Amino acid sequence: MKRWRRRAVAAVLGTGLIVTGAAGGEVEAAGADAASSPRGAVAGAGAAPVSETAVPTGAPARDTSPGQEPEAAKVLAELHVDVTGDDFPDTVDLTGRPLMAGSPMLGDFVLTMTHGVAGTKIILPLGPKSFVGLEPVLYPVDIPGQRGSGVLVSIGNGGSGGTRSSLLVSFAEGVAREVVPREELNAGLQAKIEYLDGFKARLTEPRTGRSVTLDLRDRKTDYLRLGIFDQNGKLLKPVSGFVDGYSVFVPVRQPDGHQVFEGRQTLSGAYRSDGLAVLASTWALQDGKLELRDVRFLTVGPKGAAADPSLDNQPAPKYPVGSEFSEPGTWPPETILDSRYADMDGDGVRDSVLLLGTRRPDNGAMWWNISPAVVDGATGASHIFRLDGEDQGYSPLLWVGPLGETGQKVILASIETGGSGGTSYYSLWTVKDGLLHPVIDPAALSDGVAKKASVRFLPGFLAELRIPSVHVQWTFDVSDRKDEYIALGLYNDQGRLLKNQEGWVDPLSSLTPVDENGDGVYDALIGKQAIAGAAHVDRLGTAVSRWVLSGGQLTLRSVRVEPTPPAPGA
């Protein structure tokens, strides 16, 4: 059993912090220039339980004349996830206060982590004092090589460009630290903007060399007025354009389950509102650094930027993981296990897609009554679909994306069963008129090809897999394990089959959307299932199936077999 030592902890980034202990003494954790320290200072380790009071130093001056007293700090955003790596959910709060009464701009941001078991706190003022903004959001983030989630703090800067600033914090093992330096996290990309003859502009991202040339004839009248081009399209004066900071920087779950960051920056031409394109970037976190994985230009038309399905798998900002959710008039509330933020019904407004569940009292890591839900972004109406079986397990995840020949958006939910075979439950959904509709029975989807297949042993140390519906017949040479089969009485020394023995195919262990031609629409779902022989550990190979959505139906198109390689020395 784990024993938790209660202690008073003060972690500081950017401002001073004073922690008041049980005996009333004060310990100064760091000075006002503590922002240069990569790790939060720790005070009072091993002390008795205390009541902690954070007093940031160097705070902005405020109007405290009668009737203008500063408003009290309030919770602006909250997460309930395991951030310390002990498999128990902790609470992370972001608090702040208006810069002045009635102002939407906020300051004095403080991030507080409350340990889910011990109840101890890490208090992290997000200095410096000039760090102000609005519409803060907290996102849970995967940190490679770390148990427990990191926390991405995203705060709007308040300018007309809609840019945001971010801070990535880890509380692993009870220590607060910035995972990536703030300057690096918010640096974004640069771009070269060149206007060319013929009412054109070329945009180039120098790190990758990617470029795109835009036809700007739809802005001809404005550019003639500004003297940028003449009537024949000859460029009269250079235009350097503008590259904004991030308007979006969010964690996004990929189809294979890995998490990346998606960034979006607006590129403008002759003036700030002359939007040319959105510079989209994909980043992976590796060894405390951001690695650039992809760069693309999203065009901007008369109605704004083009559709951006890469952002569909960001967490729903209004429904953070670990928070409670209930429909009007229902009780008790359920826990949000995962969420996505995507326009599911084509009305141009992003909806919130949720997985809800209840923690099993006898198994803290297991969830039951897991149910998909959707909250309409335009109306706020919600719909929960209750599963009949296949509704309990571990590590529930969502994926949203366009699938099949029509590019219809679907919701793919997965729940690990926790069994020794590493199988999972899967369900596939669409949304119409605000309601969830299953594309296929979840039990049938989770079975994959298991009930369509047969496995049997043949004389001569052979085994055969058959899947008649897709004309699959595969023979395995199992002579590399003949000694085990002889010991089991399945064969004699000459390979004669002594008894009828059937194997089986497990349910799905993975089901992954694939975009086979890189056009942003996923062509198929690829499933993998273990093929077992005389026992579960007797793995003959893997059945790899391809499922296609066509005419609203999910159909099995093909299966290929990946045999298990012979053991070394066999």
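For the structure itself, look to the data block above.
The structure displayed is predicted, hence computed values, not measured ones.

Peer 1: Account for the overall build of the protein, naming residues and giving values.
Peer 2: Looking only at helices and strands, the protein has 4 helices and 36 strands in total. Across the 570 residues of the protein, 47% fall into the buried class.

Peer 1: Before we move on, can you summarise the sheet that holds strand 26 (residues 408–416) with the specific residues and values?
Peer 2: Pairing between the strands of a sheet comes from backbone hydrogen bonds, and it takes one of two forms, parallel or antiparallel. The strand order across the open sheet formed by 4 strands is 25-26-27-28, and the pairing between neighbours is antiparallel. Two strands close off the open sheet at either side, each with one partner strand: strand 25 (394–403) and strand 28 (435–438). The average undirected angle you get between the axes of adjacent strands in this sheet is 30°. Pairing between strand 25 and strand 26: 8 bridges, direction antiparallel. Bridged to Tyr394 within strand 26 is Glu416.

Peer 1: Go over unusual backbone geometry with me, naming the residues and quoting the values.
Peer 2: Of the consecutive residues Gly127 and Pro128, the connecting peptide bond is found in the cis state with omega at 5°. By the element assignment, Pro128 lies in the loop between strand 7 (121–125) and strand 8 (134–141). Phi at Asp87 is positive, roughly 75°, even though this residue is not glycine. One can find Asp87 in the loop between strand 4 (74–81) and strand 5 (90–98). Its identity as a non-glycine residue notwithstanding, Asp433 has a phi of 55°, on the positive side.

Peer 1: Pulling in residues and values, what's your account of the pattern of salt bridges?
Peer 2: Opposite charge on two side chains allows them to pair when their charged atoms are near. Counted under the stated rule, the structure contains 27 salt bridges. Close ionic contact of Asp142 with Arg253 constitutes a salt bridge, the shortest N to O distance being 2.6 Å. One end of the pair, Asp142, is in the loop between strand 8 and strand 9 (150–156); the other, Arg253, is in strand 15 (residues 242–253), and 111 residues separate them in sequence. Residue Asp142 is classed as partly exposed on the basis of its relative accessible area of 35%. The exposure class assigned to Arg253 is buried, which follows from its relative accessible area of 15%. Between Glu178 and Arg182 there is a salt bridge, and its shortest N-O distance comes to 3.6 Å. As far as burial versus exposure is concerned, Glu178 and Arg182 are alike and both buried. Through salt bridges with shared partners, a single network forms among Arg210, Glu262, Arg264, Asp294 and Arg296.

Peer 1: Provide a residue-level description of the side chain of Asp86, including the pertinent values.
Peer 2: Topologically, Asp86 is positioned in the loop between strand 4 and strand 5. Overall, the relative accessible area of 4% leaves Asp86 in the buried class. Only 2.9 Å separates the side chain of Asp86 from the backbone nitrogen of Phe88, close enough to count as a polar contact.

Peer 1: Tell me about the sheet that holds strand 12 (residues 192–196), and name the residues and values.
Peer 2: Taken in spatial order, the 3 strands make up an open sheet running 12-13-14, and their pairing is antiparallel. Only two strands of the sheet have a single partner each, and these edge strands are strand 12 and strand 14 (210–215). The sheet shows a mean angle of 20° between the axes of neighbouring strands, direction not considered. Relative to strand 14, strand 13 (residues 200–205) runs antiparallel, the two sharing 6 bridges. Paired with Arg202 across the bridge in strand 14 is Thr213.

Peer 1: Give a description of the nonpolar core that names residues and reports values.
Peer 2: Among the nonpolar cores identified, the biggest contains 38 residues, and Leu168, Tyr195 and Phe261 are the most heavily contacted of them. Listing elements by their share of this core, those giving two or more residues are strand 8, strand 12, strand 13, strand 15, strand 16 (259–268), strand 17 (275–286) and strand 18 (289–301). The leading source of residues in this core is strand 17, at 5 residues. Setting aside chain neighbours within four positions, we find Tyr195 in contact with Lys200, Ala201, Leu216, Tyr223, Ile228, Phe229, Leu235, Val239, Gly269, Ala270, Asp274 and Leu276. Counting 37 residues, the second largest nonpolar core, distinct from the first, contains Leu428, Val472, Val478 and Leu511.

Peer 1: So what's going on with the side chain of Gln146? Which residues, and what values?
Peer 2: Inspection of the secondary structure puts Gln146 in the loop between strand 8 and strand 9. The exposure class of Gln146 is buried, given its relative accessible area of 17%. Among the polar contacts made by the side chain of Gln146, one reaches the side chain of Ser170 at a distance of 2.9 Å. Once residues lying within four places of it in the same chain are set aside, the contact partners of Gln146 are Ser170, Ala172 and Arg177.

Peer 1: Run through the pairing of strand 13, naming residues and quoting values.
Peer 2: Of the pairings in the sheet, the one linking strand 12 to strand 13 comprises 5 bridges and is antiparallel in character. In the sheet register, Ile193 faces strand 13, and the bridge partner there is Leu203. Linking strand 12 to strand 13, which pair antiparallel, is a turn of 3 residues; within it Gly198 sits at a positive phi near 90°.

Peer 1: Tell me about the environment of Gly377, and name the residues and values.
Peer 2: In this structure, Gly377 sits in the loop between strand 23 (363–375) and strand 24 (382–384). Given a relative accessible area of 38%, Gly377 falls into the partly exposed group. With 29 residues separating them in the primary sequence, Gly377 and Gly348 have C-alpha atoms 9.3 Å apart. Setting aside residues no more than four positions away along its own chain, Gly377 makes contact with Val349, Arg350 and Asp351.

Peer 1: Could you give an account of the packing of aromatic side chains, with specific residues and numbers?
Peer 2: Under the defined criterion, the tally for this structure stands at 15 aromatic pairs. Judged by centre distance (5.5 Å) and plane angle (65°), the ring pair of Tyr195 and Tyr223 falls under edge-to-face. Pair noted here: Tyr195 is in strand 12 and Tyr223 is in helix 2 (residues 220–225), with a separation of 28 residues, a long-range link. The buried category is assigned to Tyr223, whose relative accessible area is 0%. With 4.7 Å between their ring centres and 45° between their planes, Phe199 and Phe229 make a pair best called tilted. Here Phe199 is found in the loop between strand 12 and strand 13, whereas its partner Phe229 is found in the loop between helix 2 and strand 15, with 30 residues between them in sequence. In terms of burial, Phe199 and Phe229 fall into one category: buried.

Criteria and thresholds
- Residues numbered from 1 in each chain as written.
- Predicted model: local features only at pLDDT ≥ 70, side-chain atom pairs only at ≥ 80, totals over all residues.
- Heavy atoms only, no water.
- Helix = DSSP H or I, 4+ residues; strand = E, 2+ residues; numbered from the N terminus.
- Buried < 20%, exposed > 50% of the residue type's maximum accessible area, 1.4 Å probe, protein only.
- Pairing = 2+ DSSP bridges.
- Axes fitted to C-alpha atoms, helices over the stretch in contact; angles between N-to-C directions.
- Salt bridge = Lys/Arg side-chain N within 4 Å of Asp/Glu carboxyl O.
- Polar contact = N/O pair within 3.5 Å; in protein donor to acceptor, adjacent residues only side chain to side chain.
- Core = buried A, V, L, I, M, F, W, Y, C linked by side-chain atoms within 4.5 Å.
- Contact = heavy atoms within 4.5 Å.
- Phe/Tyr/Trp six-rings, centres within 6.5 Å; stacked < 30°, edge-to-face > 60°.

Interpretation note: all reported values are geometric properties and have no functional meaning in isolation.
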